[in-house]
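# Survey of secondary and tertiary structure
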Amino acid sequence: MEYVFSDRVSALQPSAIREILKATADPAIIPFAAGNPDVAAFPVDDVRRISAKIFEDEPITALQYGVTEGYEPLRKTVADYMKKKNNIGRDFDKLIITSGATQVMDLATKSLCNFGDIIVCENPSFIGSLNCFRSYGCKLKGVPVEADGMDMNALEKVLKENKNVRFIYTIPNFQNPSGRTMSLEKRKTLYALAKKYGVLILEDNPYGDLRVSGENIPSVKSMDEDGIVIYAGSFSKVLAPGIRVAYVIAPEPIVSKMTVCKQGQDVHTAMFNQMLVYEWMSTTDFEAHIGKIRDIYRRKMTLMCDLIDEKLGDFVSYVRPEGGMFVWCELPEKIDMLDFVKRAIKEKVAVVPGTAFMVEDGDTTNCFRMNYTTPSDENIVLGMERLEKVKKDVY
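Predicted model, so just to flag it, every value in this text is computed and none were measured. (Residues numbered from 1 in each chain as written. Predicted model: local features only at pLDDT ≥ 70, side-chain atom pairs only at ≥ 80, totals over all residues. Heavy atoms only, no water.)

## What about the sheet that holds strand β9 (residues 326-330)?
Threshold: Strands are treated as partners if at least two bridges between them are detected by DSSP. Numbering goes from the N terminus for both helices and strands, where a helix is a DSSP run of H or I of at least four residues and a strand is a run of E of at least two. The contact definition used throughout considers only heavy atoms, calling two residues in contact when any of these lie within 4.5 Å. The convention used is that axes are lines fitted to C-alpha atoms, helices contributing only their stretch in contact, and that angles between N-to-C directions extend from 0 to 180 degrees.
Reading across the sheet, the three strands line up as β9-β11-β10 and stay open at both edges, with antiparallel pairing between neighbours. In this open sheet, the two edge strands, each paired with only one partner strand, are β9 and β10 (352-353). By the bridge criterion, two bridges tie β10 to strand β11 (residues 367-371) in an arrangement that is antiparallel. Paired with Val 352 across the bridge in β11 is Arg 369. On top of the sheet, helix α11 (residues 286-312) reaches β9 and β11; it is set at about 15° to β9, its chief contact.

In structure tokens form, the structure reads like this:
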């Protein structure tokens, strides 16, 4: 039979990243296109110990239904931690646990947006969030990302020209895909513009703990005295992505609506996973663990960027990231980016074409994204040697 899909999803296309990752099923492919944490960053022994403890002490709690808002000990622990460490959370805020940070984007859009409403996004931006916004029939407006974050003049122009903007979506720390970090000055300006134009901010911070150089910069949410910032945090990059535990901190009326929407999606985040995260935060030196992850990523980021300088330095331009997982490389204008990506695949290296991250139809870019956390050190070296060969073939 002929299948007719809803207007909301009929125009959606598979993620280019996921399609490229199919090629990485070949073990000979070097996965610069991935976005997975280094497996050495997983606290396997802690997870094994904690899992046994949970099923010894509280098996029924772990296997039973829970409340939609999340496991209360975890909610309190995360709220206290975020308040103490990052000055996030005011009296008007509420925290709930979600099944991954992408669910925060989904619940926020479902709660706040009608068909045709506008969401302003950094351009380029994370494809998972962009497709989420598109699935609700929202119109996306892109604002260029500069070396120090979103172009604030362009942002104000968009806000001035569009009257039904529901929120501004930003990844201020080590942005995916660009790897760039928004400056403190721009964060303050972003907040001021959102307040001036009566628009919410959705701050997505999955990489914030992965800083390997430079100084920590306060989050936009830490500036929120007016109840206009929705903050998404996640344990995917510091514990393990497979557990799908994240959280949202936002004004109580927004979180209350998001909670109702979550009840229609998955009822609650998996109880065992929430209990695991709580025990991990409560019984381990997780700050030391995060320090270990930073050491691993500092080495790998430095290795990749030094090799870019050595082997592609006369060919690509990029901003060296201060953390996160990604490097965003721009090719010379005369080089066809998609041809370069295809040639790289033939040389057994997978990178992501920058067009996968563009916000609006017709947006173009001559950039591609590389990941340094997934491949081994040896494969980073080998992959960069192969990309140098591609460079010589096309340049």
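From this point, the narrative continues.
## Regarding the side chain of Asn 176
Here is the rule we go by: When accessible area is computed with a 1.4 Å probe and restricted to protein chains, residues below 20% of their type maximum are described as buried, those above 50% as exposed, and intermediate ones as partly exposed. Pairs of N or O atoms within 3.5 Å make up the polar contacts considered here, provided that, within protein, one atom can donate a hydrogen while the other can accept it, and that residues adjacent in sequence are counted only when both atoms are side-chain atoms.
With respect to the element layout, Asn 176 can be found in the loop between β5 (165-170) and α8 (184-197). Residue classification places Asn 176 among the buried residues on the basis of a relative accessible area of 3%. At 2.8 Å, the side chain of Asn 176 forms a polar contact with the side chain of Arg 369.

## Looking at the packing of helix α2 (residues 44-57) against helix α10 (residues 271-283)
What counts is decided by this rule: Left-handed describes a crossing in which the near helix is turned anticlockwise from the far one by less than a right angle; the clockwise case is right-handed. Basically, the charged four are Asp, Glu, Lys and Arg, the nonpolar ten are Ala, Val, Leu, Ile, Met, Phe, Trp, Tyr, Cys and Pro, and anything else, Gly included, counts as polar.
Two elements in contact, α2 and α10, have axes whose closest approach is 10 Å; the angle formed by their N-to-C orientations is 115°. Between α2 and α10 lies a crossing of right-handed hand. Contacts from Asp 46, Val 47, Arg 49, Ile 50, Ser 51, Lys 53, Ile 54 and Phe 55 in α2 reach Phe 272, Met 275, Leu 276, Glu 279, Trp 280 and Thr 283 in α10. Of the residues contributing to the contact of α2 with α10, the split by class is eight nonpolar, two polar and four charged.

## Quick word on a nonpolar patch on the surface
As a reminder of what qualifies: Surface patches are defined over residues having more than 30% relative accessible area and no salt bridge, joining like charges when they lie within 9 Å and nonpolar side chains (Val, Leu, Ile, Met, Phe, Trp, Tyr) when within 5 Å. Surface exposure here means Shrake-Rupley accessible area, sampled with a 1.4 Å probe, where a residue is shielded only by the protein chains that are shown. Salt bridges are defined as contacts in which a side-chain nitrogen from Lys or Arg sits within 4 Å of a carboxyl oxygen from Asp or Glu.
Among the surface-exposed residues, Met 1, Tyr 3 and Phe 5 lie close enough to one another that they form a single nonpolar patch of about 480 Å² accessible area. Residue position: Tyr 3 is located in the segment before α1 (16-23). Taking the relative accessible area as the measure of exposure, Tyr 3 reaches 59% and is therefore exposed.

## What about the pairing of strand β2 (residues 118-123)?
The condition is simple: The path from the first strand over the helix to the second decides the hand: if it runs clockwise while the strands point away from the viewer, the crossover is right-handed.
Within β2, six of the six residues are buried, which leaves it mostly tucked inside the rest of the structure. The sheet contact formed by β2 and strand β3 (residues 139-146) spans six bridges and is parallel. Looking across to β3, one finds that Ile 119 is bridged to Leu 140. In this region the chain leaves β2, passes through helix α6 (residues 127-135) and returns to the parallel neighbour β3; the handedness of that crossover is right-handed. Looking at chain direction, β2 and β5 are connected through four bridges and run parallel.

## Observations concerning the side chain of Thr 373
Looking at the element boundaries, Thr 373 is found in the loop between β11 and α13 (377-394). Under the relative-accessibility criterion, Thr 373 is labelled buried at 0%. A distance of 2.7 Å separates the side chain of Thr 373 from the backbone oxygen of Asn 36, its partner in a polar contact. Excluding anything up to four places from it in sequence, Thr 373 contacts Asn 36, Pro 37, Asp 38, Tyr 297, Lys 300, Gly 324 and Met 325.

## Notes on the pairing of strand β6 (residues 200-204)
In terms of burial, β6 is a largely internal element, five of the five residues being buried. Along β6, one buried face is formed by Leu 200, Leu 202 and Asp 204 and the opposite face, lined by Ile 201 and Glu 203, is buried too. In the sheet, β5 pairs with β6 via four bridges, with the strands oriented parallel. What sits directly across from Ile 168, in β6, is Ile 201. Sheet topology note: the β6/strand β7 (residues 229-234) ladder contains four bridges and is parallel. Within the sheet, the bridge partner assigned to Ile 201 lies in β7 and is Val 229.

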